[in-house]
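One letter stands for each residue in the lines below.
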Amino acid sequence: LLRAGASAVIAWDADRRAEEVRARLERWSAVDRLAAQCLAQESIVGESPAWLALVERVVEAARFSGDPILLTGESGTGKELLARLIHAAGARDDDVPPKRKLVTVDCSTIVPELSGSELFGHERGAFTGAHAQREGASELADGATLFLDEIGELPLPMQAQLLRAIQEKTYKRVGGNVWLKTRFRLVCATNRDLGELVRCGQFRLDLYYRLAGWVFRTLAIRERREDILPLARHFLRAIYPEDTPELDPAVRDCLLSRSYEGNIRELRQLVQRIAHRHAGSGPITPGDVPEDDPPPDGDTVRAWPGHELDRVVGEAIALGATLKDISTAATNAAIRLAVQREDGNLQRAARRLGVTDRALQLRRAAGTLTP
């Protein structure tokens, strides 16, 4: 039942089950409200079911637990964005001081000799150049959230010290003799395979299990292609906040045809290049796309049909879907995506699908097509 899409399965064999159902409904309602608030923020952009589901899972973990969260996934997929989301939606604890800003440390840029100072601070005179006492990230994040980006790059000696700080909630500044206390929500991110680093002896197994209270994998663009155009419009609004130009259909097709190995970061850079070539108040047209940016002739990102279709249909068959079920679901998805791509214009969507706009109007009237 869960694999078929049920949110929960409860055996109704006693009166207490009614309370359990109510508790679950209240939890889901709270998560939905909080996720909606987060999605209303300008930076949380996306409409695809996969992205919305990820946001809800992250929000629930952040709000209803204080455990460390590990974000994995390819570079440019929004791990820092989710870290800010976790900080904003974080668990409330009366024993923790009021939340301050998110404290971010990029472990890939830390000089090994100064990593202790970066994380835990130092006392005056602790080493050459330490002319004054310095607060480290652990102290700055007290009562807030500490985000360790690229955690896989943290030197082994510092991994041991971080493990103690997580377990004991205490640390010493470099050159200091006093144990200081700190309480922070720990969020880590990496685009590396920490399991492989553990096997190679480059990452501590005990630290890995301390970090992985919750593990969420961010989504590559190819897994949320419905979000390409909403993201592109979001980046355009940042450049043209007053009068955001529309995207010509040919430009939308160009954006949708790329593979985006650099994920959201690559998409943002492409939109910025296109926007900076645009002049006037009209829509952005193919002439605004830099010559080196369109995909080469014959470079189709998604062959039709392709392996992704095979995978989805295979999963449907495994779940017991009939040919009629699969056909209906595919038809509904095609219509929904075509209407979405044409910004709700049924006439253009119908031309793209090779049907009459009357057919789509009838679906909308029947309630089978979301406006």
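Further up the page is the structure itself.
These notes cover the structure that comes with them. Along each chain, numbering runs from 1 in the same order as the chain's sequence is written. In keeping with the model being predicted, local features are shown solely for residues with a pLDDT of at least 70 and side-chain atom pairs are shown and tallied solely at 80 or more, while totals for entire chains, interfaces and linings include all residues. Side-chain measures here rest on the full set of heavy atoms in the structure, leaving out hydrogens and waters.

What makes two strands pair is DSSP finding at least two bridges between them. Secondary structure counts use DSSP, requiring at least four H or I residues in a row for a helix and at least two E residues in a row for a strand, with both numbered from the N terminus. The parallel open sheet is built from five strands, whose spatial order is S2-S3-S6-S1-S7. Either end of the sheet is taken by a strand with one partner, and the two such strands are strand S2 (103–106) and strand S7 (214–217). Averaged over all pairs of adjacent strands, the angle between strand axes in this sheet comes to 15°, irrespective of strand direction. Bridge count for strand S1 (residues 69–72) against strand S6 (residues 185–190) is four bridges, and the pairing is parallel. Bridge pairing links Leu71 to Ala189 in S6. Together, S1, strand S3 (145–149) and S6 form the strand contacts of helix H3 (residues 79–88), whose direction differs from that of S1 by roughly 160°. Helix axes are fitted only over the stretch in contact, all axes being lines through C-alpha atoms; the angle between N-to-C directions runs from 0 to 180 degrees. What makes two residues a contact is simply this: any of their non-hydrogen atoms within 4.5 Å.

Our focus in this paragraph is unusual backbone geometry. In this structure, Tyr260 is a non-glycine residue whose phi angle is positive, near 55°. Looking at the secondary structure, you find Tyr260 in the loop between helix H10 (249–256) and helix H11 (263–277). Working definition: with a 1.4 Å probe on protein chains only, accessible area under 20% of the residue-type maximum means buried, over 50% means exposed, and in between means partly exposed. Given a relative accessible area of 2%, Tyr260 falls into the buried group. Here Asn263, not a glycine, exhibits a phi torsion of approximately 60°, which is positive. If you trace the backbone, Asn263 turns up in helix H11.

This paragraph deals with helix H2 (residues 49–64). Its 16 residues give H2 an end-to-end C-alpha distance of 22 Å, which sits within 8% of 22 Å, the value for a rise of 1.5 Å per residue. Here H2 has its buried residues at Trp51, Leu54, Val55, Val58, Val59, Ala61 and Ala62. Down the axis of H2, the smallest arc covering the buried residues is 165°, so these residues share one side. Expected helix span is computed as 1.5 Å times (number of residues minus one). The arc in question is traced by the directions running from the helix axis to the C-beta atoms.

This next bit is on the pairing of S6. Within S6, six of the six residues are buried, leaving the element largely enclosed by the surrounding structure. Neither face of S6 is left uncovered, since the one carrying Arg185, Val187 and Ala189 and the one carrying Leu186, Cys188 and Thr190 both have all their residues buried. Across four bridges, S3 lies against S6 in parallel orientation. Bridged to Leu146 within S6 is Leu186.

So far we have only geometry, and geometry alone does not tell us how the molecule works.
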